[in-house]
Amino acid sequence: SQKIEQNSEALNIQEGKTATLTCNYTNYSPAYLQWYRQDPGRGPVFLLLIRENEKEKRKERLKVTFDTTLKQSLFHITASQPADSATYLCALNRGSTLGRLYFGRGTQLTVWP
Amino acid sequence: GAGVSQSPSNKVTEKGKDVELRCDPISGHTALYWYRQSLGQGLEFLIYFQGNSAPDKSGLPSDRFSAERTGGSVSTLTIQRTQQEDSAVYLCASSLDGGRETQYFGPGTRLLVL
């Protein structure tokens, strides 16, 4: 069966440290993988997209890597801040279809001062 | 500009009643998606509309669920004869077109079936 697993349900780190979140998938051949942020009571907000032929993408303090051999993406937040506390969702498509996304359950990140 | 809006924001209904959930996508977005998010679960795809093409209904969990999109804009998700297991947050998203991967989500409708 097809699965998307995010490494842990919760991750707690100290302000200023780098948070690293993991997304592993099986039985997919995604054309791209995305990361979203979701705050309580709100819909997900797009952060970054990385394509199958890209190894790394950066945006400000965020970095995403994509290893199609390992079937894994890593999401890093450097110099983390309490405002980064949220749930982070990994999502990917199936290479054969555009549009619909398949989501992991998310990792709840808490950054404490 | 305005984002994706959904109404109502909260809905409490009794088991067996029908409910309608509304989504207004971002103006000009041709692709529209419905997802469901149950407590502690990931987002579950329900249905996808792209322009005038036939919708992808493959995620609808039963024939009690249906959706339509009128005039290529507003969409309504209807759940007939609601069951307690239908309780969830129903999220709508839109994208510029089905090939543009970024999806913009609304705030969701929280449905509670008693």
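Residues numbered from 1 in each chain as written. Chains lettered and ligands numbered in written order. Predicted model: local features only at pLDDT ≥ 70, side-chain atom pairs only at ≥ 80, totals over all residues. Heavy atoms only, no water.

Asker: I keep staring at the sheet that holds strand E7 (residues 75-79) of chain B and nothing clicks. Help me out?
Answerer: Either a parallel or an antiparallel arrangement is found when strands of a sheet pair, and the pairing is made through backbone hydrogen bonds. Residue and element names in this part refer to chain B. With antiparallel pairing, 4 strands are arranged side by side in an open sheet as E1-E3-E7-E6. The open sheet has two edge strands with one neighbour each: strand E1 (5-7) and strand E6 (65-69). Across this sheet, the average inter-strand angle for adjacent strands is 15°, counted without regard to direction. (Pairing = 2+ DSSP bridges. Helix = DSSP H or I, 4+ residues; strand = E, 2+ residues; numbered from the N terminus. Axes fitted to C-alpha atoms, helices over the stretch in contact; angles between N-to-C directions.)

Asker: Please clarify how the interface of chain B and chain A should be interpreted in this entry.
Answerer: Frequently, the measure chosen for interface size is the accessible area removed from exposure when the parts meet. The interface of chain B with chain A comprises 21 residues on the first partner and 19 residues on the second. Carbon and sulfur atoms supply 53% of the area buried between chain B and chain A, which totals about 1,600 Å² over both sides. When residues of chain B are sorted by the area they lose upon contact with chain A, Leu43, Glu101 and Phe105 of chain B head the list and together hold 32% of the total. Connecting chain B to chain A are 0 salt bridges. For the interface between chain B and chain A, the tally reads 6 residue pairs in polar contact (both at pLDDT 80 or more). Every element with two or more residues in the side of chain B that touches chain A is listed here: strand E4 (31-37) and strand E5 (43-50) of chain B. Per-class residue counts for the side of chain B that touches chain A are 8 nonpolar, 10 polar and 3 charged. (Contact = heavy atoms within 4.5 Å. Buried area = accessible area lost by both parts, 1.4 Å probe. Salt bridge = Lys/Arg side-chain N within 4 Å of Asp/Glu carboxyl O. Polar contact = N/O pair within 3.5 Å; in protein donor to acceptor, adjacent residues only side chain to side chain. Nonpolar A, V, L, I, M, F, W, Y, C, P; charged D, E, K, R; others polar.)

Asker: I would appreciate a short explanation of the pairing of strand E8 (residues 88-95) of chain B in the present structure.
Answerer: Every other side chain in a regular strand lies on the same face of the sheet, so the side chains alternate between the two faces. Residues and elements named next belong to chain B. When you tally the buried positions in E8, you get 8 out of 8 residues, the bulk of the element. Taking every second residue as pointing to the same face, both faces of E8 are buried, with Ala88, Tyr90, Cys92 and Ser94 on one and Val89, Leu91, Ala93 and Ser95 on the other. Alignment of E4 against E8, held across 7 bridges, turns out to be antiparallel. Opposite glutamine 37, over in E8, you have valine 89 as the bridge partner. As judged from the 3 bridges shared by E8 and strand E10 (residues 109-113), these two strands associate in the antiparallel manner. (Buried < 20%, exposed > 50% of the residue type's maximum accessible area, 1.4 Å probe, protein only.)

Asker: What is the right way to look at the state of the cysteines in this model?
Answerer: The bond known as a disulfide is covalent and runs between the sulfur atoms of two cysteines. All names here are of chain B. For the coordinates displayed, the defined rule picks out 2 disulfides over all chains. The partner cysteine of cysteine 23 in its disulfide is cysteine 92, sulfur to sulfur 1.8 Å. Across the S-S bond of cysteine 23 and cysteine 92 the torsion is about -65°, and the bridge reads as left-handed. Highlighted residues: cysteine 23 in strand E3 (residues 19-24) and cysteine 92 in strand E8, separated in sequence by 69 residues. For cysteine 92, a relative accessible area of 0% corresponds to the buried category. (Disulfide = S-S within 2.5 Å.)

Asker: Help me out: how do you make sense of the sheet that holds strand E8 (residues 72-77) of chain A in this one?
Answerer: All names here are of chain A. Sheet architecture is open: 5 strands sit in the order E1-E3-E8-E7-E6, paired in antiparallel fashion. Here the strands that pair on one side only, and so sit at the sheet edges, are strand E1 (3-6) and strand E6 (56-59). Here the strands of the sheet are splayed against their neighbours by 15° on average, with no regard to which way each runs. Judged from the 6 bridges that link them, strand E7 (residues 62-67) and E8 form a sheet pairing that is antiparallel. Bridge assignment links lysine 63 to a residue of E8, and that residue is histidine 76.

Asker: Please clarify how the layout of surface pockets should be interpreted in this entry.
Answerer: It is a probe the size of a water molecule, rolled over the atoms, that shows where empty space is left. For the largest pocket, the calculated volume is near 1,100 Å³. If you trace the largest pocket, you find 39 residues lining it, with Arg105 of chain A together with Gly40, Gln41, Gly42 and Leu43 of chain B closest to the centre. Contributions of two or more residues to the lining of the largest pocket are made by E1, strand E9 (86-92), strand E10 (102-103) and strand E11 (107-112) of chain A together with E4, E5 and E8 of chain B. Residue classes in the lining of the largest pocket are distributed as 14 nonpolar, 15 polar and 10 charged. (1 Å grid on protein atoms, 1.4 Å probe; cavity = no way out; pocket = protein on both sides within 12 Å on 5 of 7 lines; lining within 4 Å. Points joined across faces, edges and corners; volume = space filled by probe spheres on them.)

Asker: Explain the pattern of salt bridges to me, please; I cannot follow it from the model alone.
Answerer: For side chains bearing opposite charge, pairing can occur when the charged atoms are close. All names here are of chain A. In this structure the tally under the stated criterion is 8 salt bridges over all chains. Ionic pairing is found between lysine 57 and glutamate 54, a salt bridge with its closest N-O pair at 3.6 Å. Residue lysine 57 is classed as partly exposed on the basis of its relative accessible area, which comes to 27%. Between glutamate 56 and arginine 58 there is a salt bridge; the shortest N-O distance is 2.9 Å. Exposure remark for glutamate 56: the relative accessible area of 39% places this residue in the partly exposed category.

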